[in-house]
Amino acid sequence: MIEEAARLMARSRFAIAFTGAGISAESGVPTFRGPGGLWRQYRAEELATPEAFRRNPRLVWEFYRWRMNLIGKAKPNRAHYALAELEKMGVLKAVITQNIDDLHREAGTENLIELHGNIFRVRCSVCGYREDLKKSGRLGEFLAGKSLPHCPDCGSLLRPDVVWFGEALPEDAMNMAFGLAERADVCLVIGTSGVVYPAAYIPRIVKESGGRVIEINTEESGITPVADIFLRGKAGEVMEELVKMIGRLVK
Ligand code: BJW
Ligand code: ZN
């Protein structure tokens, strides 16, 4: 199976990857669903919706500051590096991620589309103010803060620049991702339960446009019914092996 996946990738003209929380599990970032998942401990509708933020911004900020801290200490793993290497080899054209953890960028992926935002950015809940806390160098100060953060332009509450349930995905990212999915002849789907839409349409669009879907996951997922090849295992282990094989084939 893995040999077949390596051959498909090596022969592809336009391969893309679509990733979810499972790719960062080996970096110590908790997933959402399944054992140890965040939504097992916390109710999504109490934390990851605009209504929750209006009702209790303190609780929501507490949750996101805790996760910013945790994710801030995490390092990319073998799977993130493998995808960056496939891009450098010219095999992979883009990574579309649902993750907000910035680990693909840290691993060196250049053509990256973030569908659900980024936890290291904040934006104003009222005006157009945005800030990348890594770039502005204010991440440490921000994490140490205990009070609710306010917009320097208009004084309203700042919020994490992530996409909550019931909110539209960033339009540019969505259009780009759907366009790539239509063009792709191979899509490598890694570590997603494939139940959150519209993101979960991506592998389905690839399939409907005549492309092949290769899935890597420790469990079957919502994507498995459309997968041509299912590689069961941890993203880091499977990706390391896959990249070695592809490397030998494209030399
Ligand atoms: C491993 C592993 C290892 C573990 N190796 N694998 C159509 C049908 C039904 C519902 C809807 C629909 N269209 C829209 C909806 C509503 C909703 C939705 O999809 N709900 C469903 C859950 C029922 N969607 C929305 O609300 C979206 N917005 C929208 O539709 O807007 C419409 C609109 C238009 C115009 C104007 C206004 C509105 C927005 C969705 C936003 C999702 N946000 C979150 C939170 C982000 C911020 C944060 O992190 O706090 O995004 S929810 C959460 O789920 C997060 C993730 O990106 C997303 C996907 O999760 P993911 O990545 O798949 O993780 P898990 O945990 O589910 O799975 C991990 C997988 O890894 C598992 O399969 C494991 O087996 C595997 N794994 N270890 C390999 N080592
Ligand atoms: Zn503002």
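Since we're looking at a predicted model, the values are computed, not measured.

Trainee: Honestly, the sheet that holds strand 6 (residues 158-162) in this entry has me stumped. Any pointers?
Mentor: Pairing is antiparallel in the open sheet, where three strands are placed in the order 5-4-6. In the strand order of this sheet, the two ends are held by strand 5 (130-132) and strand 6, each with one partner. Sheet twist, expressed as the mean angle between neighbouring strand axes with direction ignored, is 35°. Of the strand pairs in this sheet, strand 4 (residues 117-124) and strand 5 are connected by three bridges, and their pairing is antiparallel. Its bridge partner lying in strand 5, Arg123 is registered against Arg130. Running over the sheet, helix 5 (residues 57-73) touches strand 4 and strand 6 and is turned about 140° from strand 4.

Trainee: What exactly am I supposed to notice about the pairing of strand 7 (residues 186-190) here?
Mentor: The side chains of a regular strand alternate, residue by residue, between the two faces of the sheet. In terms of burial, strand 7 is largely enclosed, as five of its five residues are buried. Taking every second residue as pointing to the same face, both faces of strand 7 are buried, with Val186, Leu188 and Ile190 on one and Cys187 and Val189 on the other. Direction of pairing for strand 1 (residues 15-19) relative to strand 7: parallel, over a ladder of five bridges. Looking at strand 7, one finds that Ala17 is bridged to Leu188. Tracing the backbone out of strand 7, into helix 11 (residues 201-208) and back to the parallel element strand 8 (residues 212-217) gives a crossover that is right-handed.

Trainee: Would you take a moment to explain the domain arrangement of the chain for this structure?
Mentor: Looking at the chain, the domain boundaries give domain 1 (2-28 + 76-116 + 169-250) and domain 2 (35-73 + 122-162). The interface of domain 1 with domain 2 comprises six residues on the first partner and six residues on the second. Between domain 1 and domain 2 lies a buried interface of about 430 Å² when both sides are counted; carbon and sulfur atoms form 57% of it. Contact with domain 2 buries area across many residues of domain 1, yet Ile100, Asp101 and His116 alone supply 65% of it, more than any other trio. Our enumeration of links across domain 1 and domain 2 arrives at two salt bridges.

What counts, and where the lines are drawn
- Residues numbered from 1 in each chain as written.
- Chains lettered and ligands numbered in written order.
- Predicted model: local features only at pLDDT ≥ 70, side-chain atom pairs only at ≥ 80, totals over all residues.
- Heavy atoms only, no water.
- Pairing = 2+ DSSP bridges.
- Helix = DSSP H or I, 4+ residues; strand = E, 2+ residues; numbered from the N terminus.
- Axes fitted to C-alpha atoms, helices over the stretch in contact; angles between N-to-C directions.
- Contact = heavy atoms within 4.5 Å.
- Buried < 20%, exposed > 50% of the residue type's maximum accessible area, 1.4 Å probe, protein only.
- Right-handed = clockwise from strand over helix to strand, strands pointing away.
- Domains from an automatic or database assignment.
- Buried area = accessible area lost by both parts, 1.4 Å probe.
- Salt bridge = Lys/Arg side-chain N within 4 Å of Asp/Glu carboxyl O.

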